[in-house]
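Geometric and topological summary
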Amino acid sequence: MTSTVNSAAASPAETPEFPMARAAKCPFDPPPALRALQQEGPLTRVRLWDGSTPWLVTRYVEQRTLLADPRVSADITRPGYPSSAPINPEQVGIGFILMDDPEHARLRRMVAAPFTIKRIQAMRPGVQRIVDELIDQMLAGPKPVDLVEAFALPVPSLVICQLLGVPYADHDFFQANSKVMINREATPEERAAASRNLHGYLDNLMGEKLRDPGADLLSGLAERIKAGELTQRDAASMGVLLLIAGHETTANMIALGTLTLLEHPDQLALLRDSDDPKLVAGAVEELLRYLNITHSGRRRVALADIEIAGQVIRAGEGLIFPNDIGNRDPEVFDDPDRLDIQRDARRHVAFGFGVHQCLGQPLARMELQVVYSTLYRRIPTLRLAAELDQIPFKHDAAVYGVYALPVTW
Amino acid sequence: MKVSVDEAKCCGAGQCVLLAPEVFDQREDDGIVVLLDETPAEHLHDVVREAASVCPAAAIELSENA
């Protein structure tokens, strides 16, 4: 017997608002209200900023099942899509992550080649050099130092610039605009302006790649434009997406991961005292699971009626998947709120699930493996240069992390 | 165990290659799965099952009684 009762519509005052706030003293844990909803059941209604009441899917199994269901759409332009903020009609899209197959697959496959496991493994020595040089510079400079500015942002920014063929000299410009684009509290106008800035920049760069191609990803897209498979505008959109996704996420995992380890000294010691690549790889998976920095929830809309867990999701209803609480599901991970770098966490959904699962995950894993196996061994006395409650956490950003991390040694 | 892959479903996330490089590879031009061994040796069965279960696009099918 399936229930078609929409309790949310019947009693709007009782419908919890989403997103929810984390507990002040638990910056590494998902909001307590999310945990409470997960204990009640796998699906519940929540209220968004615009008064809409999409489904919130809180348990791991239902998250994976629905994210992999072809009747579930990622198309932000469909009615019922639960957007995290007003959609500015003039704002240019950010590429294939907000599209469905077959167009999504066609565009995604165009940029997949540099992210294969083999190509990423071949980049590892270069990433190791970048990491070592940045640590050399930190050790030679004054302390305390902001780890975000000196290390966590430069590592993935340098790497993605090289991969895409974007001049790193422009990093102040693209980092500043990217920060606005993913800030939940920025106005639609501010976000649209940042988006226009980045699209203009990438469009200009695509023009240069068309005239003078190199061996980088954007030059590969220039070939597609010449072959008539892609418009320059779509190529620029894909460039914006890859540039933002390529540096924001990993930078936050480096800084927030370091803070997490400093607050869990026994786990940090295990990592620092081991030279086993398997232990390092396992630590990366566990930190991805535990921190799940994409804390705004993945967003979708149902294309058909879908029966799941005794409920019916109607066609046109929105779905939100907070993977942070999915990764803390006690049915899947024992003692889920404990950080344990020796556990097998590989089935986590920090990169999402379904055909939109993160394309850059091999790159993210490799960068984090190099960073986590190098930073704490080269600076074994690394420690916070502020109290934990003085650290500015990114509660207002679509991607969680810290705005600054003062450290010394 | 018999393994089959669906190239049309594959989204090139690479998880199978990471877990079982003896059994799975990726096409160089678009990252889509290439099956290297459709009847993997027994010591690989567990990791192949894990690859099928973490595949985000359900592109790996196993038939256990083959």
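Use the structure listed above.
Note that the structure is a prediction, hence the values are computed from the model and not measured.

This part is about the overall build of chain A. Counting secondary structure elements, chain A contains 15 helices and 10 strands. On C-alpha atoms alone, chain A measures out to a radius of gyration of 21 Å, which is about the 22 Å that the 2.2 N^0.38 rule sets for 409 residues. Structurally, chain A occupies a C-alpha span of about 65 × 55 × 35 Å along its principal axes. Residues classed as buried in chain A amount to 56% of the 409 residues present. Once local pairs closer than 6 in sequence are excluded, the contacts in chain A between residues at least 24 apart make up 71%. Summed over its atoms, the accessible surface of chain A is roughly 16900 Å², and 53% of this surface lies on carbon and sulfur atoms. Averaged over its 43 positive side-chain charges, chain A has a centre that lies 3 Å from the centre of its 52 negative ones.

Another aspect to go through is the overall build of chain B. Counting secondary structure elements, chain B contains two helices and four strands. Shown N-terminal to C-terminal, the secondary structure of chain B runs as helices and strands in the order β-α-β-β-α-β. The globule rule puts the C-alpha radius of gyration for 66 residues at 11 Å, and the 11 Å found for chain B is close to it. Burial status across chain B gives 52% buried among its 66 residues. Nonlocal contacts in chain B, meaning residues at least 24 apart in sequence, comprise 56% of its contacts between residues at least 6 apart. When the accessible surface of chain B is split by element, carbon and sulfur atoms take 48% of a total near 3200 Å².

Let's shift gears to helix α8 (residues 171-181) of chain A. Side chains of residues three or four places apart in an α-helix project in the same direction, reflecting 3.6 residues per turn. Inspection of α8 of chain A places Phe174, Gln175, Asn177, Ser178 and Met181 of chain A among the buried residues, and these make up the whole buried set. Looking at the buried residues of α8 of chain A, the elements they touch are α7 (154-164), α9 (188-211) and α11 (232-262) of chain A.

Contact residues are listed per partner, giving 18 residues for chain A and 26 residues for chain B. For the pair chain A and chain B, the summed buried area comes to about 1700 Å², and 48% of that belongs to carbon and sulfur atoms. Considering only the side of chain A, the residues that lose the most area to chain B are Arg109, Ile117 and Arg346 of chain A, jointly responsible for 35% of the buried surface there. One can count two salt bridges joining chain A with chain B. With a shortest N-O distance of 2.7 Å, Asp25 of chain B and Lys118 of chain A are connected by a salt bridge. Taken together, chain A and chain B are joined by 10 residue pairs in polar contact (both at pLDDT 80 or more).

Let's shift gears to the nonpolar core. Counting 94 residues, the largest nonpolar core has Phe151 and Leu221 of chain A as its most contacted members. Top element by residues in this core is α11 of chain A. It accounts for 16 residues. Those residues in contact with Leu221 of chain A that lie beyond four places of it in its chain are Met110, Val111, Met206, Leu230, Ala235 and Met238 of chain A. Among the nonpolar cores identified, the runner-up in size contains 24 residues, and Ile117 of chain A together with Val3, Cys10 and Phe24 of chain B belong to it.

In this section: the layout of surface pockets. The space that makes up the second largest pocket amounts to roughly 770 Å³. Lining the second largest pocket are 33 residues, with Pro277, Lys278, Ala281, Gly282 and Gln369 of chain A positioned closest to its centre. Elements represented by at least two residues in the lining of the second largest pocket include exactly α5 (117-140), α13 (277-291) and α15 (361-378) of chain A together with α1 (15-19) and α2 (45-54) of chain B. Within the lining of the second largest pocket, the residues separate by chemical class into 13 nonpolar, eight polar and 12 charged.

All names here are of chain A. Read across the sheet, five strands follow the order β1-β2-β8-β5-β3 without closing on themselves; strand pairing throughout is mixed. Each edge of the sheet is formed by a strand with only one pairing partner; in this case those strands are β1 (43-45) and β3 (72-73). Pairing geometry for β1 and strand β2 (residues 55-57), over three bridges, is antiparallel. By the bridge assignment, Thr44 is partnered in β2 with Leu56. Along the sheet, helix α3 (residues 60-67) makes contact with β1, β2, β3, β5 (298-302) and β8 (318-321), crossing β8 at roughly 130°.

Another point: the pattern of salt bridges. Within the structure shown, the criterion is met by 27 salt bridges over all chains. The partner of Arg365 of chain A in a salt bridge is Glu285 of chain A, with the nearest N and O atoms 2.7 Å apart. Placement of the pair is Arg365 of chain A in helix α15 and Glu285 of chain A in helix α13, with a sequence separation of 80 residues. By relative accessible area, which is 5% here, Arg365 of chain A ends up buried. On the accessibility criterion, Glu285 of chain A (7% relative accessible area) is buried. Glu64 of chain B is the salt-bridge partner of Arg49 of chain B, the closest N and O atoms lying 2.7 Å from each other. Of this pair, Arg49 of chain B sits in helix α2 while Glu64 of chain B sits in the segment after β4 (60-63), and the two are 15 residues apart along the sequence.

On to the packing of α11 of chain A against α15 of chain A. In a packed pair of helices, the relevant descriptors are the angle between the two axes and the axis-to-axis distance. Residue and element names in this part refer to chain A. Close contact between α11 and α15 brings their axes to 10 Å; oriented N to C, the two are set at 35°. For the crossing formed where α11 meets α15, the hand is right-handed. In this structure, α11 contributes Thr250, Met253, Ile254, Gly257, Thr258 and Leu261 to the contact, and α15 contributes Ala364, Glu367, Leu368, Val371, Tyr372, Leu375 and Tyr376.

So, about the sheet that holds strand β9 (residues 383-384) of chain A. With antiparallel pairing, three strands are arranged side by side in an open sheet as β4-β10-β9 (chain A). Edge positions in the open sheet fall to β4 (145-146) and β9 of chain A, since each of these has one partner strand only.

Summarising the element assignment, Glu248 of chain A is placed in helix α11. The contacts of Glu248 of chain A, once residues within four sequence positions are left out, are Ser178, Lys179, Ile182 and Lys394 of chain A.

Now for unusual backbone geometry. Cis peptide bonds are those with omega within 30 degrees of zero, and the linkage from Phe18 of chain A to Pro19 of chain A qualifies with 0°. Positionally, Pro19 of chain A belongs in the loop between α1 (7-10) and α2 (32-40). Cis peptide bonds are those with omega within 30 degrees of zero, and the linkage from Asp101 of chain A to Pro102 of chain A qualifies with 5°. Relative to the assigned elements, Pro102 of chain A resides in the loop between β3 and α4 (103-110). The phi torsion at Ala309 of chain A lies on the positive side, around 50°, for a residue other than glycine. When you line up the elements, Ala309 of chain A lands in the loop between β6 (306-308) and β7 (311-313). The backbone of Ala58 of chain B sits at a positive phi, close to 50°, despite the residue not being glycine. Of note, Ala58 of chain B is situated in the loop between α2 and β4. Here Ala58 of chain B falls in the partly exposed class, since its relative accessible area comes to 43%.

Calculation notes
- Residues numbered from 1 in each chain as written.
- Chains lettered and ligands numbered in written order.
- Predicted model: local features only at pLDDT ≥ 70, side-chain atom pairs only at ≥ 80, totals over all residues.
- Heavy atoms only, no water.
- Helix = DSSP H or I, 4+ residues; strand = E, 2+ residues; numbered from the N terminus.
- Rg over C-alpha atoms; globule rule 2.2 N^0.38 Å.
- Buried < 20%, exposed > 50% of the residue type's maximum accessible area, 1.4 Å probe, protein only.
- Contact = heavy atoms within 4.5 Å.
- Areas by Shrake-Rupley, 256 points an atom, 1.4 Å probe, with all protein chains shown as cover.
- Lys, Arg positive; Asp, Glu negative; His and termini not counted.
- Charge placed at Lys NZ, Arg CZ, Asp CG, Glu CD.
- Buried area = accessible area lost by both parts, 1.4 Å probe.
- Salt bridge = Lys/Arg side-chain N within 4 Å of Asp/Glu carboxyl O.
- Polar contact = N/O pair within 3.5 Å; in protein donor to acceptor, adjacent residues only side chain to side chain.
- Core = buried A, V, L, I, M, F, W, Y, C linked by side-chain atoms within 4.5 Å.
- 1 Å grid on protein atoms, 1.4 Å probe; cavity = no way out; pocket = protein on both sides within 12 Å on 5 of 7 lines; lining within 4 Å.
- Points joined across faces, edges and corners; volume = space filled by probe spheres on them.
- Nonpolar A, V, L, I, M, F, W, Y, C, P; charged D, E, K, R; others polar.
- Pairing = 2+ DSSP bridges.
- Axes fitted to C-alpha atoms, helices over the stretch in contact; angles between N-to-C directions.
- Left-handed = near helix turned anticlockwise from the far one by under 90°.

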